[in-house]
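# Geometric and topological summary
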Amino acid sequence: MQCPIDGTQLVITDRNGVEIDYCPQCRGVWLDRGELDKIIERSTAYSQPRPGYDDRADHGYRKKKKRGGFLEDLFDF
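Our focus in this paragraph is the overall build of the protein chain. Looking only at helices and strands, the protein chain has two helices and three strands in total. When the elements of the protein chain are put in sequence order from the N terminus, they spell out β-β-β-α-α. When the 77 residues of the protein chain are sorted by exposure, 19% land in the buried category. Within the protein chain, contacts between residues separated by at least 24 positions form 35% of all contacts whose residues are at least 6 apart in sequence.

Our next topic: the pairing of strand S2 (residues 18–22). Where burial is concerned, most of S2 is hidden: four out of the five residues are buried. Pairing geometry for strand S1 (residues 11–15) and S2, over five bridges, is antiparallel. Bridged to Thr13 within S2 is Ile20. Counted along the chain from S1 to the antiparallel partner S2, the turn is two residues long, and its residue Asn16 has a positive phi close to 55°. Of the strand pairs in this sheet, S2 and strand S3 (residues 29–30) are connected by two bridges, and their pairing is antiparallel. Each residue of the ladder has a partner; that of Asp21, found in S3, is Trp30. Turn length for the S2-S3 hairpin, with the two strands adjacent in sequence and antiparallel, is six residues, and the turn residue Arg27 shows positive phi of about 65°.

What counts as what
- Residues numbered from 1 in each chain as written.
- Predicted model: local features only at pLDDT ≥ 70, side-chain atom pairs only at ≥ 80, totals over all residues.
- Heavy atoms only, no water.
- Helix = DSSP H or I, 4+ residues; strand = E, 2+ residues; numbered from the N terminus.
- Buried < 20%, exposed > 50% of the residue type's maximum accessible area, 1.4 Å probe, protein only.
- Contact = heavy atoms within 4.5 Å.
- Pairing = 2+ DSSP bridges.

Below you can see the structure in the form of structure tokens.
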């Protein structure tokens, strides 16, 4: 399949069980039917808090590390 933007051949990759078509040239991402629903479903499951973890317990003494989310892992080419 060709990229609708620049005509480059799209590359298919599997990320966490979801097939993603992307253009290596312009980095555009295209999803087939139902793939966006899978991504949304998995991102909500990914962002659930850990049992027994209270982020208020550090009282701001530790610098919080920015953690990448599910979508960052998914679209990291």
